[in-house]
Amino acid sequence: MTSQPRRGVILYGPPASGKDTVTGALATLDPIFTLFSRVKVGPGRSTGYRMGTPELLAQLRATAGAVVYENSRYDSTYVTDRAGLDAAVEAGVPVMHLGQVDGVRAVLDRYPADWLTVLLWCPRESTAERSAGRGDTDTSARLAAWDATQADLEAHASFRFDLVVRTDVASPEQAAERIRQALAERDQLLMLDFDDTLIDRLAAVTAWISGYCAAHGLGPDVERRILGAMQVRADLQTFESLCAELSLPESADRLWARYSAEFPATVRPFPGVPNALEAVRASGWQVVVVTNGGGEIQRAKLKASRIDGLVDGICISEDAGTRKPDPAIFEMAAASVGRRLTGGGWMVGDNAALDVVGGRAAGLRTVWVSHGRPWPGGPKPDHIALDVLDALEHVRGGAR
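This write-up is about the structure you can find in this document. (Residues numbered from 1 in each chain as written. Predicted model: local features only at pLDDT ≥ 70, side-chain atom pairs only at ≥ 80, totals over all residues. Heavy atoms only, no water.)

1. Observations regarding the overall build of the protein
Heads up, the condition is: By definition, any uninterrupted DSSP run of H or I lasting at least four residues is a helix, any uninterrupted run of E lasting at least two residues is a strand, and each is numbered from the N terminus. The globule rule used for comparison is 2.2 Å times the number of residues to the exponent 0.38, while the radius of gyration itself is calculated over C-alpha atoms. Any residue under 20% of the maximum accessible area for its type is buried, any over 50% is exposed, and the rest in between are partly exposed; the area is computed with a 1.4 Å probe on protein chains only. In this analysis, two residues are considered to be in contact whenever any of their non-hydrogen atoms come within 4.5 Å of each other. Charge assignment: positive for Lys and Arg, negative for Asp and Glu; neither His nor the chain ends contribute. Charge positions are represented by NZ for Lys, CZ for Arg, CG for Asp and CD for Glu.
A count of helical and extended segments in the protein gives 17 helices and 15 strands. Computed over the C-alpha atoms, the radius of gyration of the protein is 27 Å, more than 25% above the 21 Å expected from 2.2 N^0.38 for a compact globule of 400 residues. Reported as C-alpha extents along the three principal axes, the dimensions of the protein are approximately 95 × 45 × 40 Å. Counting across all 400 residues of the protein, residues that qualify as buried make up 48%. Considering only residue pairs separated by 6 or more positions, the protein has 67% of its internal contacts joining residues 24 or more positions apart. Treating the 43 positive side-chain charges of the protein as one cloud and the 50 negative ones as another, the clouds have centres 3 Å apart.

In structure tokens form, the structure reads like this:
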């Protein structure tokens, strides 16, 4: 199952500002956008609502947390209910229509998701013309609601919408495209594993071990055993185990110090990685490296490979106090560039358990860098790439 961020669109505006037509244009642009049908109890139009009864309203009010927001207008009561929102965000990107800033704030505060708030605005005369043109019998009430919307905005002057669209100037299609683009830009967060994703760590480790063994007269069996232990993870504990098992000529502390000093300078990015990272960031993406390992040695490797200057943020497990696949480290990585995981994003890495499983658990879309290996099993990532260049190209092209 493809992991998707919890996100939605809130359209706020006076009557006849185009909420219905813009929502229709969004659905035409991409069927993932669907109108969120609030529960309505009362007379009048039923299209676009889930019609309820006074008994249902009483039940919702009596159930803790069931009502996210409730308001009354045009002799009816409208309820934004939690169960309805749960179903809507699971199915796609709900588009909610609200006419009160307090309602927008209530949804933002009480229903965690990445909400894009949009003010659709039109002059009072546009509301009058549109209401009359579509045959409304309550145009005077809608003009009174326009006045109330103006007063509502003035009373909440400190509230800032993510996007403002003048619907007397922009067509529904133009408004929908602006909304789609604004929402897509919020999704442009890319997390990248470091070792064996951006840099060829295995080649560098193999070369360092070969050199060390040759310098100390250690045979091929010992060399293979050291490589097997260090292939995925190398730290002081790894060297302690190797020294105890193989009676190496140096203590674990000395060997770790030698490795920490010598190894970082040997790492290199995979071919094409620097240019690819520059291109991704030039396209508007924020890029964060999320890596397990010791802070000092990982920073030294990032500096030696010059990756540190090509990304917006770096999150290292030792510094974070937690490791992949814990979702907490992805949350910290997002926060390092001022983002939240509710905004969605991608995780790219070569380790199925750490990068794919961990990324999915954090609500991110995922790409597994296979290096030609078959998928090991379990829930698949959103994409399997041969190398990181393939992965970056997919993310840039496929995120839409």
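2. Considerations on the packing of helix H5 (residues 124-133) against helix H6 (residues 139-155)
Stated formally: Lines fitted to the C-alpha atoms define the axes, with helices restricted to the stretch that makes contact. Angles between their N-to-C directions range from 0 to 180 degrees. Comment on the angle field: the value is read as roughly parallel under 35 degrees, roughly antiparallel over 145, roughly perpendicular from 65 to 115, and oblique elsewhere. Note on convention: the crossing is left-handed when the near helix lies turned anticlockwise from the far helix by less than a right angle, right-handed when the turn is clockwise. Residues are grouped as follows: nonpolar covers Ala, Val, Leu, Ile, Met, Phe, Trp, Tyr, Cys and Pro; charged covers Asp, Glu, Lys and Arg; every other residue, Gly included, is treated as polar.
Contact geometry for H5 and H6: axes closest at 10 Å, N-to-C directions at 155°. It follows from the interaxial angle that H5 and H6 lie roughly antiparallel. Read as a crossing pair, H5 and H6 show a hand that is right-handed. Of H6, the residues touching H5 (which contributes Arg124, Thr127, Ala128, Ser131 and Ala132) are Thr139, Arg142, Leu143, Trp146 and Asp147. Looking at the contact of H5 with H6 residue by residue, the classes come out as four nonpolar, three polar and three charged.

3. Topic: helix H3 (residues 82-91)
Put simply, the rule is: To obtain the arc, one takes the directions from the helix axis to the C-beta atoms.
For H3, the set of buried residues is Gly84, Leu85, Ala88 and Val89. Each buried residue of H3 lies within a common arc of 125° when the element is viewed along its axis, so the set occupies one face. Relative to its buried face, H3 has exposed residues pointing more than 90 degrees away, namely Ala83, Glu90 and Ala91. Against the buried residues of H3 lie strand S1 (7-12), strand S4 (50-51), strand S5 (67-73), strand S6 (76-81), strand S7 (93-98) and strand S8 (114-121).

4. Quick word on the sheet that holds S5
Cut-off, in case you're wondering: Strand pairing is assigned whenever DSSP identifies at least 2 bridges connecting the two strands.
What the four strands build is an open sheet, ordered S4-S3-S6-S5; its pairing is mixed. Both edges of this open sheet fall to S4 and S5, since each of them pairs with a single strand only. Of the strand pairs in this sheet, S5 and S6 are connected by six bridges, and their pairing is antiparallel. In the strand pairing of S6, Arg73 is matched with Ser76.

5. Structural notes on the side chain of Gln298
What counts, and what does not: Within 3.5 Å is the distance limit for a polar contact, defined as a pair of N or O atoms, with the added protein rule that one can donate a hydrogen and the other accept it, and that residues adjacent in sequence qualify only through two side-chain atoms.
For Gln298, the position within the fold is in helix H13 (residues 295-304). Under the relative-accessibility criterion, Gln298 is labelled buried at 3%. A polar side-chain atom of Gln298 sits 3.2 Å from a polar atom in the side chain of Asp195. A distance of 2.6 Å separates the side chain of Gln298 from the side chain of Lys301, its partner in a polar contact. Beyond its immediate sequence surroundings of up to four residues, Gln298 is in contact with Phe194, Asp195, Thr291, Asn292, Gly293 and Ile316.

6. Observations regarding the sheet that holds S7
In space, the five strands of this open sheet follow the order S2-S7-S1-S8-S9, with parallel pairing throughout. With partners counted over all chains shown, the strands left at the sheet margins are strand S2 (33-35) and strand S9 (163-166), one partner each. Averaged over all adjacent pairs, the angle separating strand axes in this sheet is 25°, with direction ignored. Of the pairings in the sheet, the one linking S1 to S8 comprises six bridges and is parallel in character.

7. Describing the environment of Thr117
Here Thr117 is to be found in strand S8. The class for Thr117 is buried, based on a relative accessible area of 2%.

8. A closer look at the packing of aromatic side chains
Let me state the cut-off plainly: Stacked, tilted and edge-to-face are the three classes applied to pairs of Phe, Tyr and Trp rings, where Trp contributes its six-membered ring and a pair requires centres within 6.5 Å; stacked means planes under 30 degrees apart, edge-to-face means over 60, and tilted covers the rest.
Under the defined criterion, the tally for this structure stands at 12 aromatic pairs. Judged by centre distance (5.4 Å) and plane angle (10°), the rings of Trp208 and Tyr212 are stacked. Taken together, the positions of Trp208 and Tyr212, both in helix H8 (residues 201-215) and four residues apart, correspond to about one turn of that helix. Ring plane angle 10° and centroid distance 4.8 Å describe the contact between Tyr259 and Phe263, whose orientation is recorded as stacked. Comparing Tyr259 with Phe263 shows no difference in burial state: the two are buried.

9. Details of the pattern of salt bridges
Applicable threshold: When a carboxyl oxygen of Asp or Glu is within 4 Å of a side-chain nitrogen of Lys or Arg, the pair counts as a salt bridge.
For the structure shown, the criterion picks out 17 salt bridges. Of the charged contacts in the structure, one is a salt bridge between Lys324 and Asp355, with a shortest N-O distance of 2.8 Å. Linking Lys324 in the loop between helix H14 (317-320) and helix H15 (327-335) with Asp355 in helix H16 (residues 352-361), this pair joins segments that are 31 residues apart in sequence. As far as burial versus exposure is concerned, Lys324 and Asp355 are alike and both buried. The structure contains a network of salt bridges with shared partners spanning Glu250, Arg254, Arg258 and Glu262.

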